[in-house]
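# Results of the structural survey
Okay, here's what each chain looks like letter by letter:
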Amino acid sequence: MLAGTPVVSVPVLRSGTFPSPAALTGLIGPSTVRTPAWRDSLRAAAAEAGVDAGRVLAETDPGDDMEGLYVKDERDGRVAARYKWVRAGFAQAVLDSGSHWADRPIVANRLADPAVMHAV
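These numbers come from a predicted model, not from an experiment.

Rules used in this analysis
- Residues numbered from 1 in each chain as written.
- Predicted model: local features only at pLDDT ≥ 70, side-chain atom pairs only at ≥ 80, totals over all residues.
- Heavy atoms only, no water.
- Patch = residues over 30% accessible without salt bridge, like charges linked within 9 Å, V, L, I, M, F, W, Y side chains within 5 Å.
- Areas by Shrake-Rupley, 256 points an atom, 1.4 Å probe, with all protein chains shown as cover.
- Salt bridge = Lys/Arg side-chain N within 4 Å of Asp/Glu carboxyl O.
- Helix = DSSP H or I, 4+ residues; strand = E, 2+ residues; numbered from the N terminus.
- Polar contact = N/O pair within 3.5 Å; in protein donor to acceptor, adjacent residues only side chain to side chain.
- Expected span 1.5 Å × (residues − 1).
- Buried < 20%, exposed > 50% of the residue type's maximum accessible area, 1.4 Å probe, protein only.
- Arc of directions from axis to C-beta.
- Contact = heavy atoms within 4.5 Å.
- Pairing = 2+ DSSP bridges.

Take a nonpolar patch on the surface next. Side chains of Met1, Leu2 and Val7 sit close together on the surface and give an oily, nonpolar patch of about 370 Å² of accessible area. Relative to the helices and strands, Leu2 resides in the segment before helix H1 (21–25).

Put into structure tokens, the structure is as follows:
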């Protein structure tokens, strides 16, 4: 459905059933869209937006792992339910930031890097 558009679907890590929650959450690993220089890129984007880079970094999950998992329950070729599981470290970073994303300054993301987005 997204073929030919600039929208890139998230990678499918595994299809099938899982014998336990641990088997599902064991799929968590390094993010496929965070480059080794993502922190420097975020600092630069904050500077371009005219916002305090220190604040932006403090309000951003410092880890390199993916945020979590998007899980679809499909039946008869249709999505019957959707779930999002967020890893504990990401959720804690949100709580530790002391602010809600809607109250933060807007900083444009840099996910347009074709080398990153098409590698998934």
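Note on placement: Ser31 falls in the loop between H1 and helix H2 (38–49). Of note is the side chain of Ser31, whose polar atom sits 3.1 Å from the backbone nitrogen of Val33. Within the structure, the side chain of Ser31 is placed 3.4 Å from the backbone nitrogen of Arg34, a separation counted as a polar contact.

For H2, with twelve residues, the first-to-last C-alpha span of 16 Å sits near the 16 Å given by 1.5 Å per residue. The set of residues buried in H2 consists of Trp38, Leu42, Ala45 and Ala46. Take H2 and look down its axis: the buried residues cluster within an arc of 100 degrees, on one side only. Away from the buried face of H2 by more than 90 degrees, exposed residues Asp40, Ala47 and Glu48 are located. Those residues of H2 that are buried are in contact with helix H3 (53–58). At the C-terminal side of H2, Gly50 shows a positive phi close to 75 degrees.

Tallied over the entire structure, the rule returns eight salt bridges. Residue Asp64 is joined to Arg39 by a salt bridge in which the shortest nitrogen-to-oxygen separation is 3.2 Å. Of this pair, Asp64 sits in the loop between H3 and strand S1 (68–75) while Arg39 sits in helix H2, placing them 25 residues apart in sequence. The partly exposed category is assigned to Asp64, whose relative accessible area is 41%. Here Asp73 makes a salt bridge to Arg75, at a shortest N to O gap of 2.6 Å. Taking the relative accessible area as the measure of exposure, Asp73 reaches 21% and is therefore partly exposed. Where salt bridges share partners, they join Arg55, Glu59 and Arg104 into one cluster.

What follows deals with the pairing of S1. Note: S1 against strand S2 (residues 78–86), eight bridges, orientation antiparallel. Residue Lys72 lies in a different strand from S2, and its bridge partner there is Arg82. In this antiparallel pair of consecutive strands, S1 and S2, the connection spans two residues, and Asp76 shows a positive phi of 55 degrees.

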